[in-house]
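# Breakdown of the fold
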Protein chains: 2
Amino acid sequence: MERTRQLIADTAIALFSEQGFDATTVEQIAAAAEVGPRTVYRYYPTKEALVVRFTEDTLNTALEELRALPEEVPLPQALFEVVDSVRRTVEGDSERRKVVYRIIVRTRSLHAELRAVNWLWRESLAEEIGRRTEGRTADMVAALAAANVAAVVEIAVAEWARSEETGALGLAVERALALLRTGEVPVPTPTSTPPPAPTSA
Amino acid sequence: MERTRQLIADTAIALFSEQGFDATTVEQIAAAAEVGPRTVYRYYPTKEALVVRFTEDTLNTALEELRALPEEVPLPQALFEVVDSVRRTVEGDSERRKVVYRIIVRTRSLHAELRAVNWLWRESLAEEIGRRTEGRTADMVAALAAANVAAVVEIAVAEWARSEETGALGLAVERALALLRTGEVPVPTPTSTPPPAPTSA
């Protein structure tokens, strides 16, 4: 069953890449994979699911890894594991992932699906971070931290997809995290807020 | 024309609020606003547009205000103006905005539209921030800053929508920005990164 599922996905990605997502029918995918169209639909209820599936699996794996971490692991390190899990999955299947990503950004309906998947992931991430956060503002801290993690993943993946270098995703992730950590990313600040005192700079 | 447009929107929101978004037809909206269905479609090509329009206008106004700011305004202050513009628009029409927001989160197709609008806004914001940023990593800094601004707006609006207090949006924005500024939001950090030296804490 898992082999059939994988075969269908691989065949579909090859066809989408060759002739375009919109121009490829489920019948063509079924014929090329030597199964019936109903088998394709059983595994993938929509054509979109055949593509977005990859992203969904990657993000869910990263979330599961976070859930499995002992609560004693400090949050910054736990969140690094999330980002690094995504990096490992994508780099372990880099060629095909790049094809998938390019199909997604080119196709309107897939882009909408991707946004929905990312959004849900960010919400689940916020929930799990909230469980590991204390204090009166725990929910907001968790929501902001989840937004940061999601943004780093999205921005680094977009940079990797444009690049031809191996290891580009790891480098993009490192660069994004360094910018966040060193405070080089401007945060909205009202004019009335006094600048930080020189001793704390 | 602008009055007709406004009348249609107001009538639609009242009907959606009373009888639900999915159960309300364009014909009902047209009848209640005393115009023809084709007039409704001319102003609002989809039923979703009648609702998401509010968010779109709010975000576009904020983006226009950023574009109009002189380049000498430091980015943290310019980004504060963006967040504050959203706050002002929403608080200036608070009752109706809360109704609109609640309709959106309850309705699947609207939620998808909202995500699309937020996403596009974040991309336009990143572009404008990029124009105002220098250095080798300008694009990534801009993308991360735009993600931060969008997250603060989304998270603060969600908190305001749950609250019954006046001024709740301003307070939620302040709280979110304070958390980001003081470094209370955990940033993914590999275990191998040495903790900051005590003197810089």
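Position numbers for residues count from 1 along each chain, tracking the sequence in the order it is written. Labels follow written order: the first chain is A, the first ligand is 1, and so on. It should be noted that, the model being predicted, local features are given only for residues of pLDDT at least 70 and side-chain atom pairs only at 80 or more, the latter also being counted only at that level, while totals for whole chains, interfaces and linings use all residues. Heavy atoms throughout the structure, all of them, feed into the side-chain values; hydrogens and water do not.

### Some points on the UniProt feature "domain: HTH tetR-type" (unreviewed entry) in chain A
What counts, and what does not: UniProt positions are given in the numbering used here, feature names are shortened, and annotations may be inferred rather than shown by experiment. Runs of H or I in DSSP of at least four residues are treated as helices and runs of E of at least two as strands, each being numbered from the N terminus.
The residues that UniProt annotates with the feature "domain: HTH tetR-type" (unreviewed entry) are residues 2-62 of chain A. From the first C-alpha to the last, residues 2-62 of chain A spans 21 Å; its make-up is 80% helix and 0% strand.

### Overview of helix H4 (residues 47-68) of chain B
For clarity, the threshold we go by: Expected span of a helix, by definition, is 1.5 Å for each gap between consecutive residues, and there is one gap fewer than residues. Two axes are fitted around each residue, one to the seven residues ending there and one to the seven starting there, and the angle between them is reported as the bend at that residue.
For H4(B), with 22 residues, the first-to-last C-alpha span of 32 Å sits near the 32 Å given by 1.5 Å per residue. Most pronounced at Arg53(B), the bend in H4(B) amounts to some 40°.

### Re the relation of the copies chain B and chain A
As a reminder of what qualifies: Residues below a pLDDT of 70 in either copy are left out; the C-alpha atoms of the rest, at least 70 in both, set the least-squares superposition of the copies. By the convention used here, residues are in contact when the closest approach between their heavy atoms is within 4.5 Å.
Of the transformation placing chain B onto chain A, the axial shift is 0.0 Å and the rotation is 180°, giving an RMSD of 0.0 Å. The two molecules are tied by a two-fold rotation axis, judged by turn and shift. With an isologous cut-off of 70% or more, the 100% of interface residues of chain B that recur at the interface of chain A puts this contact in the isologous class.

### A closer look at the interface of chain B and chain A
For clarity, the threshold we go by: Each of two parts loses accessible area, computed with a 1.4 Å probe, when they are put together; buried area is these two losses added. The salt bridge definition used is simple: a Lys or Arg side-chain nitrogen within 4 Å of an Asp or Glu carboxyl oxygen. Residues adjacent in sequence count toward polar contacts only when both atoms are side-chain atoms; beyond that, a polar contact is any pair of N or O atoms within 3.5 Å, and within protein one must be able to donate a hydrogen and the other to accept it. Note on residue categories: nonpolar means Ala, Val, Leu, Ile, Met, Phe, Trp, Tyr, Cys or Pro, charged means Asp, Glu, Lys or Arg, and polar means any other residue, Gly included.
With 41 residues of chain B in contact, the opposing surface of chain A contributes 41 residues. The three residues of chain B that bury the most area against chain A are Met140(B), Leu144(B) and Pro188(B), which together make up 17% of that side's buried surface. Summed over the shared surface of chain B and chain A, the number is 2 salt bridges. One salt bridge in this structure joins Arg122(B) and Glu154(A), with 2.8 Å as the shortest N-O distance. Counting the contacts that link chain B with chain A gives 8 residue pairs in polar contact (both at pLDDT 80 or more). Sorting the residues of the side of chain B that touches chain A by element identifies helix H5 (75-91), helix H7 (108-131), helix H8 (138-162) and helix H9 (168-181) of chain B as the ones contributing at least two each. Here the residues of the side of chain B that touches chain A are counted per class, giving 27 nonpolar, 7 polar and 7 charged.

### Some thoughts on the domain arrangement of chain A
All names here are of chain A. Defined as follows: Domain delimitation follows an automatic or database domain assignment.
Once the domains are mapped, chain A shows domain 1 (1-45) and domain 2 (47-182). Computed over C-alpha atoms, the centres of domain 1 and domain 2 are 26 Å apart. Contacts between the two partners involve 16 residues from domain 1, matched on the other side by 15 residues from domain 2. Taken together, domain 1 and domain 2 are joined by 1 salt bridge. Arg96 is the salt-bridge partner of Asp10, the closest N and O atoms lying 2.0 Å from each other. There are 3 residue pairs in polar contact (both at pLDDT 80 or more) connecting domain 1 and domain 2. Of all the elements in the fold, those that place two or more residues in the side of domain 1 that touches domain 2 are helix H1 (2-19) and helix H2 (26-33). Per-element accounting of the side of domain 1 that touches domain 2 gives the leading share, 9 residues, to H1.

### Here we look at empty space enclosed by the protein
Cut-off, in case you're wondering: With a 1 Å grid laid over protein atoms only, a set of points is called a cavity when a 1.4 Å probe fits there but cannot get out and a pocket when it is open yet has protein on both sides within 12 Å along at least five of seven lines; lining residues have an atom within 4 Å of a point. Grid points are joined across faces, edges and corners, and a volume is the space filled by probe spheres set on the points.
All chains considered together, the criterion is met by 1 cavity of 30 Å³ or more. As for the largest cavity, its lining consists of Arg115(A), Asn118(A), Trp119(A), Arg122(A), Glu154(A), Arg115(B), Asn118(B), Trp119(B), Arg122(B) and Glu154(B). Residues that form the lining of the largest cavity fall into these classes: 2 nonpolar, 2 polar and 6 charged.

### Remarks on the side chain of Arg132(B)
All names here are of chain B. Heads up, the rule is: When accessible area is computed with a 1.4 Å probe and restricted to protein chains, residues below 20% of their type maximum are described as buried, those above 50% as exposed, and intermediate ones as partly exposed.
If you trace the backbone, Arg132 turns up in the loop between H7 and H8. Judged by its relative accessible area of 14%, Arg132 falls in the buried class. A polar contact of 2.7 Å, which involves the side chain of Arg132, links it to the backbone oxygen of Leu69. If sequence neighbours within four positions are ignored, Arg132 has contacts with Leu66, Arg67, Leu69, Pro70, Glu71 and Leu75.

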